[in-house]
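Spelled out from the first residue to the last, the chains are:
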Amino acid sequence: SYLFNFLFMLPAGLIALAFALWITLFGLRVDLFKPTDLPIIFDRKHGKIYRILREEKPGWRGLFKPWPVLACEYEWELVDAEHEAEVLSTGATIVRNHFLMFIVRKSASDPTIIDSFQIANASSLSENLVPAMWEHIRRFMEEGGSHLPLPSEPLASMEAPRDWWHSVGATGPFGAGYMKRWNEQPAYMWFMHLASPVTLPMFLLWGTGNWLSYKTAIDVDWPQAVKSAVGVRAEPKPTR
């Protein structure tokens, strides 16, 4: 009986271990040494869209292959916008995420989809904001609309943590801002400290991972061909 259970559980355990190992390695590969930004340029003058992406290779073999940073170019007339929604259940509530997706066709005569990409972060969008963002982009490309939001609608500012301590504070109740959280949320802080055997290692690990993600991030730049197309001059090389 024990031998049968062992022989039955061994393959399942090995499969679960391999899956957990793959998830961990893939997560590290995605989050470490990634580009600091994946920007998109809408070129109204030439009717083009340029974007930078990192080509992630799937599967076990993909973990050990290069993940190059690529610059892609699309024709505006070959791009269709879609409002997609994703419904998630946390067990206690239902969350709906909204996405503004751009679908790229192969040519005017061939509707084969060759690529798709997301505009903005789903966490910053809502059901009403997705069509509003699409309309802003469409007007800019087709009707000479404004480049940026109004002064009363500033763009989001993403500030990188200055050091490990600030990274821990940005991801949990410990780290930078510790005393401020005690003053503003004492009940929350009491709970987190009572559960510190679980919460402290979890948030320290999360904060450390967040810090390593920023620390190993790689700056990216547009190819000179894209800069020339949108009117950005090449920086002169320093002379010795």
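Data block above holds the structure.
Every value quoted in this text rests on a predicted model; they were computed, and no experiment measured them. (Residues numbered from 1 in each chain as written. Predicted model: local features only at pLDDT ≥ 70, side-chain atom pairs only at ≥ 80, totals over all residues. Heavy atoms only, no water.)

A. The arrangement of the packing of helix α4 (residues 164-171) against helix α7 (residues 196-215) in detail. In the contact formed by α4 and α7, the axes pass within 8 Å of each other and the chain directions differ by 120 degrees. With respect to α7, the axis of α4 lies oblique. With respect to the hand of their crossing, α4 and α7 are arranged in right-handed fashion. Between α4, through Trp164, Ser167, Val168 and Thr171, and α7, the contact on the second element is made entirely by Phe203, Leu204, Trp206, Gly207, Thr208, Asn210 and Trp211. Taken together, the residues that form the contact of α4 with α7 break down as six nonpolar, five polar and no charged. (Axes fitted to C-alpha atoms, helices over the stretch in contact; angles between N-to-C directions. Helix = DSSP H or I, 4+ residues; strand = E, 2+ residues; numbered from the N terminus. Parallel < 35°, antiparallel > 145°, perpendicular 65-115°, else oblique. Left-handed = near helix turned anticlockwise from the far one by under 90°. Contact = heavy atoms within 4.5 Å. Nonpolar A, V, L, I, M, F, W, Y, C, P; charged D, E, K, R; others polar.)

B. The packing of aromatic side chains, seen in detail. If you walk through the whole model with that rule in mind, you get 13 aromatic pairs. Taking 5.4 Å as the distance between ring centres and 85 degrees as the angle between the ring planes, the aromatic pair formed by Trp182 and Trp190 counts as edge-to-face. Residue classification places Trp190 among the exposed residues on the basis of a relative accessible area of 54%. Each ring, one from Phe203 and one from Trp206, has its centre 5.9 Å from the other, and the planes form 20 degrees; the classification is stacked. Of the two residues, Phe203 and Trp206 are both situated in helix α7; the distance of three residues between them amounts to about one turn of the helix. Look at Phe203 and you get buried, because its relative accessible area is 8%. An aromatic cluster is defined as three or more aromatic residues linked by ring pairs; in this entry it consists of Phe42, Tyr74, Trp76, Phe102, Phe117 and Trp134. (Phe/Tyr/Trp six-rings, centres within 6.5 Å; stacked < 30°, edge-to-face > 60°. Buried < 20%, exposed > 50% of the residue type's maximum accessible area, 1.4 Å probe, protein only.)

C. Just α7, in detail. For α7, with 20 residues, the first-to-last C-alpha span of 27 Å sits near the 28 Å given by 1.5 Å per residue. For α7, every residue scored as buried is listed here: Thr199, Phe203, Gly207 and Ser213. For α7, the angular spread of the buried residues around the axis is 120 degrees, confining them to a single face. For α7, the exposed residues set more than 90 degrees away from the buried face come down to Pro197, Leu205 and Lys215. (Expected span 1.5 Å × (residues − 1). Arc of directions from axis to C-beta.)

D. Expanded view of the packing of helix α6 (residues 186-194) against α7. At their nearest, the axes of α6 and α7 sit 5 Å apart, and the two run at 95 degrees to each other. What the angle tells us is that α6 and α7 run roughly perpendicular. Contact with α6, carried on its side by Met192, His193 and Leu194, involves Ser196, Pro197, Thr199 and Phe203 of α7 and no other residues of that element. Partitioned by chemical class, the residues of the contact of α6 with α7 number four nonpolar, three polar and no charged.

E. View of the sheet that holds strand β3 (residues 69-75). Sheet architecture is open: three strands sit in the order β1-β2-β3, paired in antiparallel fashion. The open sheet has two free edges, formed respectively by β1 (40-43) and β3, since each of these has just one partner strand. Taking each pair of neighbouring strands and ignoring which way they run, the sheet shows an average axis angle of 15 degrees. Summarising the sheet, β1 and strand β2 (residues 48-54) pair through four bridges and their orientation is antiparallel. Residue Asp43 lies in a different strand from β2, and its bridge partner there is Lys48. (Pairing = 2+ DSSP bridges.)

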